[in-house]
Each structure stands twice: as C-alpha cells, then as structure tokens.
Amino acid sequence: LLLDLARGREAYSLLKNGIVDGLSIGFITVKARRIEGKKRGSWLRVLEEVDLHEISLVTFAANPKAKVECVKMI
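Cut-offs and rules
Residues numbered from 1 in each chain as written. Predicted model: local features only at pLDDT ≥ 70, side-chain atom pairs only at ≥ 80, totals over all residues. Heavy atoms only, no water. Helix = DSSP H or I, 4+ residues; strand = E, 2+ residues; numbered from the N terminus. Rg over C-alpha atoms; globule rule 2.2 N^0.38 Å. Contact = heavy atoms within 4.5 Å. Areas by Shrake-Rupley, 256 points an atom, 1.4 Å probe, with all protein chains shown as cover. Salt bridge = Lys/Arg side-chain N within 4 Å of Asp/Glu carboxyl O. Buried < 20%, exposed > 50% of the residue type's maximum accessible area, 1.4 Å probe, protein only. Phe/Tyr/Trp six-rings, centres within 6.5 Å; stacked < 30°, edge-to-face > 60°. Lys NZ or Arg CZ within 6 Å of the ring centre and 35° of its normal.

A. A look at the overall build of the chain. When its secondary structure is counted, the chain shows one helix and two strands. The order of helices and strands in the chain, counted from the N terminus, is α-β-β. Over its C-alpha trace the chain gives a radius of gyration of 16 Å, far above what one expects of a compact globule, namely 11 Å for 74 residues. Its C-alpha atoms give the chain principal-axis dimensions of roughly 50 × 25 × 20 Å. Excluding contacts between residues fewer than 6 apart, the proportion of contacts in the chain whose partners are at least 24 apart in sequence is 54%. When the accessible surface of the chain is totalled, it reaches about 6,500 Å², and 55% of it is carbon and sulfur.

Shown next as structure tokens:
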C-alpha cells in the first residue's frame, strides 16, 4: 500500500478495522499438473508457475481462503 496516497491510507484503514479482508487474485496458469485427491476419483490441480496480473482488496472474496489475516502497523 502506498500510504503517501489518499487511497493507500483509506485501504490501510479499511484493512486495519476489518471492514475489508478479501483478496481477488488474477493470474494465468503457465504450468500446472494434476494429482489424485484423497477422495476416490477426485483430482487436484497444482499450480507450478503462474503469470500474476493483479491482487486487489475486495469485500467478499470468491475463494474463502483468499483473506488478509493480519495488518502491520505503520
């Protein structure tokens, strides 16, 4: 976060106060492989290389594990 900008300070405040805690992560898969999951017939995709495009703060993350867990002090 760029705290010398008004939007950066606003984002920091929203994070610090728990109002926003989700992340949107945009990427293109460059290299991946599939491995068998624990349940019979299930598969997992292991991302080995990605082309990261963006990470944004959001109110509601599509993936419930895409969360900000802690915020450092200024």
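B. The arrangement of the pattern of salt bridges in detail. Taken as a whole, this structure holds three salt bridges when the rule is applied. A salt bridge links K67 to D21, with the nearest nitrogen and oxygen atoms 3.3 Å apart. Note that K67 is positioned in the segment after β2 (43–58) and D21 in the loop between α1 (6–16) and β1 (22–36), a separation of 46 residues in sequence. Using a relative accessible area of 34% as the deciding quantity, one classes K67 as partly exposed. Here D21 falls in the partly exposed class, since its relative accessible area comes to 28%. Here E48 ties to K31 by a salt bridge, and the two come within 3.8 Å at their closest N and O atoms. With E48 in strand β2 and K31 in strand β1, this residue pair connects regions lying 17 residues apart in the sequence. Residue class for E48 comes out partly exposed when judged on its relative accessible area of 39%.

C. Seen up close, the packing of aromatic side chains. For the coordinates displayed, the defined rule picks out zero aromatic pairs. A cation over a ring is seen here: R34 above W43, with NZ or CZ 4.8 Å from the ring centre.

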